[in-house]
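# Fold and geometry: a report
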Amino acid sequence: MENNVRDVIIIGSGPAGYTAGIYAARANMNPLILTGMEPGGQLTTTTDVENFPGYPEAVTGPELMADLQKQAERFGTEIKYEYVTEVTFGEKEGDVHTVKSNNGTYQARSIIISTGATAKYLGLDDETKYAGSGVSACATCDGFFYRGKDVAVVGGGDTAAEEATYLSKLCNKVYLLVRKEEMRASKAMQDRVANTHNLEVLYNHELIGLEGNNVVEKAKIINNVTNEEKELIVDGVFIAIGHKPNTELFQGKLDMDETGYLITQDRSYKTNVAGVFAAGDVQDSVYRQAITAAGSGCAAALDAERYVAEFFEA
Ligand code: NDP
């Protein structure tokens, strides 16, 4: 075991984790970031990011994450490319927490969890084949690249309804593929879908494949009632069947909602365990943007700093 108890360990290295690192390091908290299996998080799998303030000419996802990492390191954040295997939280205020990784055991007075969420995919080989070349799981991130084009959205929940209506403002035509004969989305969202003239809902339809020369040109779909197959001429497909927060490690240890998102307490980033904070997509099923994640990482670091000052320092 590392023999110093740190002020803070940050688990996860997306925009929330690195921003927490920047703030914690500048507050002399000697932060350690354990990156997890995907250093840089979801943004490392995207291409251009045009909506992160401060980059008027856009930046690629990997570049943005490399910049955030450099900025965190500049102030002394230590970064280890390790994944956490177990956490043991202290029971009360002033207790120390223990974090085990694949390569060591660490202790800290506070923990910031920023393990993110992972977009769910259908599991088709073509989703991987055309990743970043016509397949996306984020309309706010990538919709702009499909201006004036035809696209399809897969899913029947609020996310799919929201993505489809968002895309309808940018695209020529949007197909919404719903696998059942009804949508799960809220009534208000369904009304919005119904009232959007260039959005066509195809109930009982599933995506079964994609075709195109390097980029998506066609979506192959099936009517799961009649088994009739057909092709849609589209330039992009947005998979909007939900996200899975990365919270398996914390099952039974931290309060979560029914889908596994960590619950933070009113107007703070505190979890139900003293000295444990959560930031970014792991606690946010609504906004899920890099900039909102970064903002919450900042706030969680400020919360952690105050907590350590209150319960550990003379
Ligand atoms: P949901 O789990 O609510 O919906 C997922 C949708 O994807 C369902 O329609 C489901 O179909 C469909 N689906 C799942 N797997 C497949 C598959 N293999 N093939 C085809 N379709 C599939 O996820 P959301 O991300 O939509 O929402 C998550 C939570 O976030 C919800 O509580 C939602 O209300 C909330 N939210 C709120 C928003 C807002 O208030 N503005 C915006 C976005 C989300 P089926 O119905 O058949 O199971």
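This report concerns the structure included in the present document. All figures in this text were calculated on a predicted structure; none of them were measured in a lab.

Rules used throughout
- In this numbering scheme, every chain counts its residues from 1 along its sequence in written order.
- Reporting of local features is limited, given that this is a predicted model, to residues whose pLDDT is at least 70; pairs of side-chain atoms are given and counted only at 80 or more, and all residues count toward the totals for whole chains, interfaces and linings.
- Excluded from the side-chain calculation are hydrogens and water; included are all heavy atoms of the structure.
- What makes a patch is a set of residues exposed beyond 30% relative accessible area and free of salt bridges, joined within 9 Å when like-charged and within 5 Å when nonpolar (Val, Leu, Ile, Met, Phe, Trp, Tyr).
- Here the Shrake-Rupley method, with its probe set to 1.4 Å, supplies the accessible areas, and only the displayed protein chains count as covering residues.
- Any Lys or Arg side-chain nitrogen located within 4 Å of an Asp or Glu carboxyl oxygen qualifies as a salt bridge.
- In this tally, Lys and Arg are treated as positive and Asp and Glu as negative; His is ignored, and so are the chain termini.
- Taken as the charge location is NZ of Lys, CZ of Arg, CG of Asp or CD of Glu.
- Only runs of H or I of at least four residues qualify as helices and only runs of E of at least two qualify as strands under DSSP, and these elements are numbered from the N terminus.
- Three exposure classes are used, based on accessible area relative to the maximum for each residue type with a 1.4 Å probe and protein chains only: buried under 20%, partly exposed in between, and exposed over 50%.
- Between any two strands, at least two bridges found by DSSP are needed for them to pair.
- Proximity is defined per residue: any heavy atom of the residue falling within 4 Å of a molecule or strand makes that residue near it.
- For the purposes of these results, a polar contact is taken to be a pair of N or O atoms within 3.5 Å, where, inside protein, one atom must be able to donate a hydrogen and its partner to accept one; residues adjacent in sequence count only when each atom of the pair is a side-chain atom.
- Gly counts as polar in this scheme, as do all residues outside two lists: the nonpolar Ala, Val, Leu, Ile, Met, Phe, Trp, Tyr, Cys and Pro, and the charged Asp, Glu, Lys and Arg.

Positive charge collects at one region of the surface, where Lys120, Arg179, Lys180 and Arg184 lie side by side. Its location among the elements puts arginine 184 in the loop between strand 12 (173-178) and helix 6 (187-194). Arginine 184 sits in the exposed class, given a relative accessible area of 70%.

With that settled, consider the sheet that holds strand 12. The strand order across the open sheet built from five strands is 10-17-11-12-13, with neighbouring strands paired in parallel fashion. Of all the strands in the sheet, just strand 10 (135-136) and strand 13 (199-203) have a single pairing partner and so form its edges. Pairing of strand 12 with strand 13 involves five bridges; the strand directions are parallel. Within strand 13, the position partnered with valine 174 by the bridge is leucine 199.

A separate point is the environment of histidine 97. Secondary-structure assignment places histidine 97 in strand 7 (residues 97-101). In this structure histidine 97 comes out as buried when scored by relative accessible area, which is 0%. On a C-alpha basis, the gap between histidine 97 and serine 296 in space is 22 Å, while along the polypeptide they are 199 residues apart.

Moving on, we get to the site of the ligand. Taken together, Leu122, Gly155, Gly156, Gly157, Asp158, Thr159, Glu162, Arg179, Lys180, Arg184, Ile241 and Gly242 are the residues near the ligand. Note that an oxygen atom of the ligand is positioned 3.2 Å from one of the backbone N or O atoms of glycine 157. Lysine 180 has a polar side-chain atom sitting 3.1 Å from an oxygen atom of the ligand. Among the residues making up the shell around the ligand, the classes are represented as two nonpolar, five polar and five charged.

When you tally the buried positions in strand 7, you get four out of five residues, the bulk of the element. In terms of strand pairing, strand 7 meets strand 8 (residues 105-113) through four bridges, oriented antiparallel. The residue of strand 8 that forms the bridge with valine 99 is tyrosine 106. Joining the antiparallel neighbours strand 7 and strand 8 is a turn of three residues.

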